[in-house]
Amino acid sequence: MLNIVIFGAPGSGKGTQSDKLIDHYKLFHISTGDVLRDNIRRGTDLGKVAKGYIDQGQLVPDELIIDILAQVLDDNKENIQEGVIFDGFPRTIPQAEALEQLLADRGTKIDAVVGLEVPEDELIKRILLRGQMSGRSDDNEDTARKRLETYHNQTSPLKAYYEEQGKYRAINGLGSIDDIFDLIKESLDSL
Ligand code: AMP
């Protein structure tokens, strides 16, 4: 079993590299952003609550997203046996602590945190480019800047948190998709 967190700012390439990781390592993909967007599309109560936060570039409250993640793990007991790629979760220290507990309760743990490191001006460029195709309501310049601020204030402390546990793998997130994936593979193959 291989459990990986793919970590980085909005626009750092987490979704793109997740697709390649799933393919290569046969992992089950859990993207909390995708779960929330799916709920928004279906007009669920959760979707209505989440939309307010997402459109403001803010995080959905920890208790809510932790419950969602626990539910996804429970609903996919069969699918997660080979391992999981966590994309967009955890985003705060309490979420990381909750993840540790959820996995410990299931007899497993996070093996590595792949941190995609990309300079700020490039992040904005990529988000705006994606916005032209994705139709995501939060891929506009104003919300992108708020999301980056949220990332710096609430999510970036996780880098030190996972460094202390010896799990953080810094990856240069600038370059071609395949070159970046080669760096990730190299780093994970030494596990
Ligand atoms: P993403 O697709 O990962 O960029 O997530 C899009 C938006 O969904 C974020 O800007 C947050 O508003 C919300 N979101 C996704 N994952 C989380 C999480 N782990 N904690 C809180 N909010 C989240």
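Look above for the structure.
Quick look at the structure, then. In this text, all values refer to a predicted model and were calculated from it rather than measured experimentally. (Residues numbered from 1 in each chain as written. Predicted model: local features only at pLDDT ≥ 70, side-chain atom pairs only at ≥ 80, totals over all residues. Heavy atoms only, no water.)

## Looking at the overall build of the protein chain
Secondary structure assignment for the protein chain yields nine helices and five strands. The order of helices and strands in the protein chain, counted from the N terminus, is β-α-β-α-α-α-β-α-β-α-α-α-β-α. The C-alpha radius of gyration of the protein chain comes to 16 Å, within 12% of the 16 Å expected for a compact globule of 191 residues. Considered along the principal axes of its C-alpha atoms, the protein chain spans approximately 40 × 40 × 30 Å. Counting every position in the protein chain, which comprises 191 residues, the buried fraction comes to 47%. When contacts within the protein chain are restricted to residue pairs at least 6 apart in sequence, those whose partners lie at least 24 apart make up 76%. (Helix = DSSP H or I, 4+ residues; strand = E, 2+ residues; numbered from the N terminus. Rg over C-alpha atoms; globule rule 2.2 N^0.38 Å. Buried < 20%, exposed > 50% of the residue type's maximum accessible area, 1.4 Å probe, protein only. Contact = heavy atoms within 4.5 Å.)

## Examining the pairing of strand S1 (residues 4–8)
Summarising burial for S1: five of the five residues are buried, a large majority. Here S1 runs beside strand S3 (residues 84–87); their pairing, made up of three bridges, is parallel. Paired with Ile4 across the strands is Ile85, a residue of S3. (Pairing = 2+ DSSP bridges.)

## Considering the site of the ligand
Not every one of the 16 residues close to the ligand is listed here, only the nearest: Thr32, Arg37, Gln58, Gly88 and Arg91. A distance of 2.6 Å separates an oxygen atom of the ligand from a polar backbone atom of Gln58. Among the elements that make up the shell around the ligand, the one with the highest residue count is helix H2 (residues 32–42) (four residues). In terms of residue class, the shell around the ligand is built from six nonpolar, five polar and five charged. (Near = heavy atom within 4 Å. Polar contact = N/O pair within 3.5 Å; in protein donor to acceptor, adjacent residues only side chain to side chain. Nonpolar A, V, L, I, M, F, W, Y, C, P; charged D, E, K, R; others polar.)

## Let's talk about the pairing of strand S4 (residues 112–117)
With five of its six residues buried, S4 lies for the most part within the structure. Looking at chain direction, S1 and S4 are connected through five bridges and run parallel. Along S4, the bridge assignment pairs Ile6 with Val114. Judged from the five bridges that link them, S4 and strand S5 (residues 168–172) form a sheet pairing that is parallel. When the bridges of S5 are listed, Val114 appears paired with Arg169.

## Describing the side chain of Gln95
Assignment of secondary structure puts Gln95 in helix H5 (residues 93–105). Once residues lying within four places of it in the same chain are set aside, the contact partners of Gln95 are Asp62, Ile65, Ile66, Phe89 and Pro90.

## Focus: the nonpolar core
Of all hydrophobic cores here, the largest spans 37 residues; its most connected members are Leu69, Phe86, Leu99 and Tyr162. When residues of this core are traced back to their parent elements, those giving at least two are S1, helix H3 (45–55), helix H4 (62–75), S3, H5, helix H6 (120–134), helix H7 (141–155) and helix H8 (157–164). Among the elements that make up this core, the one with the highest residue count is H4 (seven residues). Those residues in contact with Tyr162 that sit more than four places away from it in its chain are Pro90, Ala96, Leu99, Val113, Lys167 and Tyr168. Of all hydrophobic cores here, the second largest spans 15 residues; its members include Ile4, Leu27, Val114 and Leu188. (Core = buried A, V, L, I, M, F, W, Y, C linked by side-chain atoms within 4.5 Å.)

## Considerations on the pattern of salt bridges
Overall, the coordinates contain 16 salt bridges when judged by the stated rule. Taking the shortest distance from any N to any O, the salt bridge between Glu117 and Lys159 comes out at 3.0 Å. A residue pair is termed long-range when its members are at least 10 positions apart, and Glu117 in strand S4 and Lys159 in helix H8 qualify at 42 residues. Residue classification places Lys159 among the partly exposed residues on the basis of a relative accessible area of 29%. One network of salt bridges, with partners in common, ties together Arg130, Arg136, Asp138, Asp139 and Arg147. (Salt bridge = Lys/Arg side-chain N within 4 Å of Asp/Glu carboxyl O.)

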